[in-house]
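These are the residues of each chain, in order.
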Amino acid sequence: MTRDMTEGNITKHLLLYSVPLIFSDLLQQLYHTVDSVVVGQFKGKEALAAIGAAGPIMNILIFMIAGITMGASILMAEYFGAKNYKRLREELSTSLGAGLILTVVLTVLFFAGSDFFIRLTRTPVEISALAARYLRVISGGLIFTFLYNILAAALRATGDSKTSLYVLMFSTAINVFLDVYFVRNLQMGVLGAAYATVISEAVSSVVLLIYIYRKVPALCLKPSEIRIDLPLLKSTVNYSSVSALQQTMLYLGRLLVQSGVNTLGVDAIAAFNAASIIDSYVLAPGSSFASSVTTFSAQNKGGRKFDRIPKAFKITMVIAVTYTVFVTFAILFAGRPLFEIFLKPSETNAIAIGLAYLRPMACFYFMAGITYSFQGYFRGIGKLKFTLMGTLIQMPIRIILTYSLIADIGLKSVAVGTTLGWTCMIIFDIYVYKKYGSSFE
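Residues numbered from 1 in each chain as written. Predicted model: local features only at pLDDT ≥ 70, side-chain atom pairs only at ≥ 80, totals over all residues. Heavy atoms only, no water.

## Quick look at the side chain of S93
Here S93 is to be found in helix α3 (residues 85-112). Beyond its immediate sequence surroundings of up to four residues, S93 is in contact with L221, E225, I226 and R227. (Helix = DSSP H or I, 4+ residues; strand = E, 2+ residues; numbered from the N terminus. Contact = heavy atoms within 4.5 Å.)

Following this line, the structure appears as structure tokens:
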């Protein structure tokens, strides 16, 4: 169901749009979580560490694609807000055609170079082969990741955040079943987890495509209609390239952090993988709130309802910070049980390492809520370069401090680097907002 956000109560629009998106983001997180939980429980910490080592590389691929579709979604939301449905379809066609070409290139590159990329992260020899095989299978299914993301982005641009949630619920159930069946019953290990993920993503992309063709005529494209409009491609690249570069730089930074963590041994890698998954669940709603203000701002920019945009940003900021403060207390009290989801209780050293990272990290989650809100706002009004600049400010700080301190304080160095990176990013965002944040042209 489409949602026109250029009219009506702002808070209601933001909440009704963001709640399904939160559950969608959490379910997407569940794909990787199920892999880790099943493999960790049935195959041990080495297999869990292998998935953890491959994770940042895999995330670079996934979020590069997400960045491309994010940029296209902003333009589609503007056209929808302006009631220019012809241009909306042309944008979807251009994004789909160009994105498919890029996805094929990335698939070939990472499938062929999986061993090389794993070696770059200084992954321990005893798990490097497992990590490379996992990455190879995931990269082979990248086209399904793109198809799902671009179709979901098109629906979200029209205000429909529910359909992708329902599709993810279905495909996640398939992923859970296949994970257990492949890993436990067929004894396929990390390869079984990878195949389960790819099959589930294929199902989600096909189901979403069928839904659009049956229920959303504004987005229906015949194969003969899929063509690349060069002037529109230029606009799309201007948006998507910045968004994709920002997402890529963010996860390249995380890859470099993972490389530093990998020098600490298997226990630390397994602990960091589990802690990173917990982090991702905690922070996913903040990202969803940011996506809601992005779509809201883009639609209202297209509909020239500029006065509604700053109001939505301020409401989003309050919601995001309130949520992260609440979750911080939950993490502080439930840290150990959360780690025992991924690691057997007997893995006391790995759990202790993970808790030493997670507890101080949780105290600064509210900063992530602030940065997400700023980034969602800047994306929605078309100032994507500021989101890229913010990432370029925080990531070097995070990497330098991690490498400088990791030999002395272990995983705590990642928490220190991340927190100071967020601090500098917030200062930059406030400066930009005061100077440029009210310009919507």
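## Topic: the pattern of salt bridges
The tally for this structure, following the rule as stated, stands at four salt bridges. Here E90 ties to K86 by a salt bridge, and the two come within 2.5 Å at their closest N and O atoms. Taken together, the positions of E90 and K86, both in helix α3 and four residues apart, correspond to about one turn of that helix. The class of E90 is partly exposed, set by a relative accessible area of 23%. In this structure, R87 engages E90 in a salt bridge whose closest nitrogen and oxygen atoms are separated by 2.9 Å. With R87 and E90 both in helix α3 and three residues apart, this pair spans about one turn of that helix. (Salt bridge = Lys/Arg side-chain N within 4 Å of Asp/Glu carboxyl O. Buried < 20%, exposed > 50% of the residue type's maximum accessible area, 1.4 Å probe, protein only.)

## Quick word on the packing of α3 against helix α5 (residues 125-140)
Contact geometry for α3 and α5: axes closest at 8 Å, N-to-C directions at 165°. The orientation of α3 with respect to α5, classified from their angle, is roughly antiparallel. As α3 packs across α5, the resulting crossing turns out to be left-handed. Residues T107, F110 and F111 of α3 form the contact with α5, whose participating residues are R136, S139 and G140. Counted by class, the contact of α3 with α5 contains two nonpolar, three polar and one charged residues. (Axes fitted to C-alpha atoms, helices over the stretch in contact; angles between N-to-C directions. Parallel < 35°, antiparallel > 145°, perpendicular 65-115°, else oblique. Left-handed = near helix turned anticlockwise from the far one by under 90°. Nonpolar A, V, L, I, M, F, W, Y, C, P; charged D, E, K, R; others polar.)

## Quick look at the packing of α3 against helix α6 (residues 142-157)
Two elements in contact, α3 and α6, have axes separated by 9 Å at closest approach and are oriented at 160°. Considering the angle they form, α3 stands roughly antiparallel to α6. The element α3 and its partner α6 pack so that their crossing is right-handed. Taken together, the residues of α6 that come into contact with α3 (itself represented by L92, S95, L96, G99, L100, T103, L106 and T107) are L142, I143, F146, L147, I150 and A154. When its residues are assigned to classes, the contact of α3 with α6 shows ten nonpolar, four polar and no charged.

## Some details on the environment of A66
Its location among the elements puts A66 in helix α2 (residues 45-81). Among the residues examined, A66 registers a relative accessible area of 14% and is labelled buried. In the structure, A66 is positioned 339 residues away from L405 in sequence and 32 Å away in space, judged by C-alpha atoms.

## Topic: α5
Between its terminal C-alpha atoms α5 stretches 23 Å, which fits the 22 Å expected from 16 residues at 1.5 Å a residue. Among all positions in α5, only I127, A131, A132, Y134, L135, V137, I138 and S139 are buried. (Expected span 1.5 Å × (residues − 1).)

## Brief notes about the packing of aromatic side chains
To describe a pair of aromatic rings, one takes the distance between the centres and the angle between the planes. In this structure the tally under the stated criterion is 13 aromatic pairs. Their ring planes at 75° and their centres at 6.3 Å tell us that F289 and Y323 sit as a pair that is edge-to-face. Of the two residues, F289 is situated in helix α10 (residues 266-302) and Y323 in helix α11 (residues 308-342); the sequence distance between them amounts to 34 residues. Taking the centre distance of 5.2 Å and the plane angle of 45° together, the rings of F313 and F374 count as tilted. Here F374 lies in helix α13 (residues 365-380) and F313 lies in helix α11, a separation of 61 residues in the sequence. Each member of the pair, F313 as well as F374, is classed as buried. (Phe/Tyr/Trp six-rings, centres within 6.5 Å; stacked < 30°, edge-to-face > 60°.)

## What about the nonpolar core?
Judged by nonpolar contacts, the single largest core of 67 residues is most densely connected at M76, Y134, I150 and L219. The dominant element in this core, judged by the number of residues it contributes, is α2, at 19 residues. Leave out the neighbours within four places in its chain, and I150 touches T69, A72, M76, L92, S95 and L96. Within the second largest apolar cluster, 53 residues are counted, among which are M5, I278, I331 and F342. (Core = buried A, V, L, I, M, F, W, Y, C linked by side-chain atoms within 4.5 Å.)

## Overview of the side chain of R308
Structurally, R308 can be placed in helix α11. Of the side chains with opposite charge, E7 lies nearest to the buried R308, which makes no salt bridge, at 5.8 Å. Residue contacts for R308: discarding those within four places in its chain leaves M5, T6, E7, G8, I10, H13, F296 and N300. (Lys, Arg positive; Asp, Glu negative; His and termini not counted.)

## Thoughts on the environment of P124
Turning to its location among the elements, P124 is positioned in the loop between α4 (114-120) and α5. Taking the C-alpha atoms as reference points, P124 and G113, eleven residues apart in sequence, are found 18 Å from one another. Residues within four places of P124 in sequence aside, it is in contact with N262 and I269.

The quantities given are spatial measurements derived from coordinates; they are silent on function.
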